[in-house]
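# Architecture and fold: a report
These are the residues of each chain, in order.
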Amino acid sequence: MSEQRHRGHADHREHAEHGERDPGEQGDRDTEGVLAEVGPRLRRVRKERGATLAGLSTATGISVSTLSRLESGLRKPSLELLLPIARAHQVPLDELVGAPQVGDPRVRAAKPIVMHGRTHWPLTRQPGGLQAYKVLEPKRKDEPEPRTHEGYEWLYVLSGRLRLVLGEHDVVLGAGEAAEFDTRVPHWFGSTGEGPVEFLSLFGRQGERMHVRARPKRGGDRAD
């Protein structure tokens, strides 16, 4: 055991002598560098828009002193502070923090999944978090069977008409219309029986929301 401990110390000294950095230390340095650039970037973005600290304070609810300390680097930036500033300036959060460029953002076509006669094409690559699918529902007349589960879901109709039963509501969404709902509310969606429907489905954990709403159904839109 003592020999292994001695060898470990020797290896560490050898790395140090050759100027090699510990990956964790390098990551810390990179993070510190990004955070150090946030303040000057906040000041530049604000001045480019002709905004004053007082005006930005009114728009964000963040005190002038806190905004000033952020810009001077005396206050560590956090999402709680940066998000309202990004909204006030109407810029992506990446523009404020200087996030590095990512690789190829394209999602390669995945093998479609057929479940209960409905075809799903996965549009997200990472497990967990928000999941997106392109869905094709064939023409059929099914009796709604509402169900519940944890999460939040969004639907956007690409073509055709999609019937959505949500709690006491029974609506039909046309192309270009969207709906969002808490999946703990009894729900069901499917074909109206008039023809196939193609739509996007996004499902996330509880609390993840997207601010789109379905337009109220007109009298003649109810699916019989």
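The coordinates are above.
Residues numbered from 1 in each chain as written. Predicted model: local features only at pLDDT ≥ 70, side-chain atom pairs only at ≥ 80, totals over all residues. Heavy atoms only, no water.

## Some details on the nonpolar core
Membership of the largest hydrophobic core comes to 14 residues, with the highest contact counts inside it found for Leu42, Ile62, Leu67, Leu70, Leu82, Ile85 and Leu96. The biggest single contributor to this core is helix α5 (residues 79-89), with four residues. In this view, isoleucine 62 contacts Ser57, Leu67, Leu81, Pro84 and Ile85; residues no more than four positions away in its chain are not counted. Counting residues in hydrophobic clusters, the runner-up holds 13 residues, among them Val157, Leu166, Leu173 and Ala179. (Core = buried A, V, L, I, M, F, W, Y, C linked by side-chain atoms within 4.5 Å. Buried < 20%, exposed > 50% of the residue type's maximum accessible area, 1.4 Å probe, protein only. Helix = DSSP H or I, 4+ residues; strand = E, 2+ residues; numbered from the N terminus. Contact = heavy atoms within 4.5 Å.)

## Looking at the sheet that holds strand β8 (residues 187-191)
Pairing within the open sheet is antiparallel, and its three strands lie in the order β6-β5-β8. The strands lining the two open edges of the sheet, one partner per strand, are β6 (169-173) and β8. Taking the axes of each pair of neighbouring strands and ignoring which way they run, one obtains an average angle of 15 degrees across the sheet. With five bridges connecting them, strand β5 (residues 162-166) and β6 associate as antiparallel partners. Bridge pairing in β6 places leucine 164 opposite valine 171. (Pairing = 2+ DSSP bridges. Axes fitted to C-alpha atoms, helices over the stretch in contact; angles between N-to-C directions.)

## Examining the environment of isoleucine 85
One can find isoleucine 85 in helix α5. Isoleucine 85 sits in the buried class, given a relative accessible area of 2%. With residues up to four places along the chain from it excluded, the contact list for isoleucine 85 reads Leu42, Thr60, Ile62, Leu67, Leu70 and Leu96.

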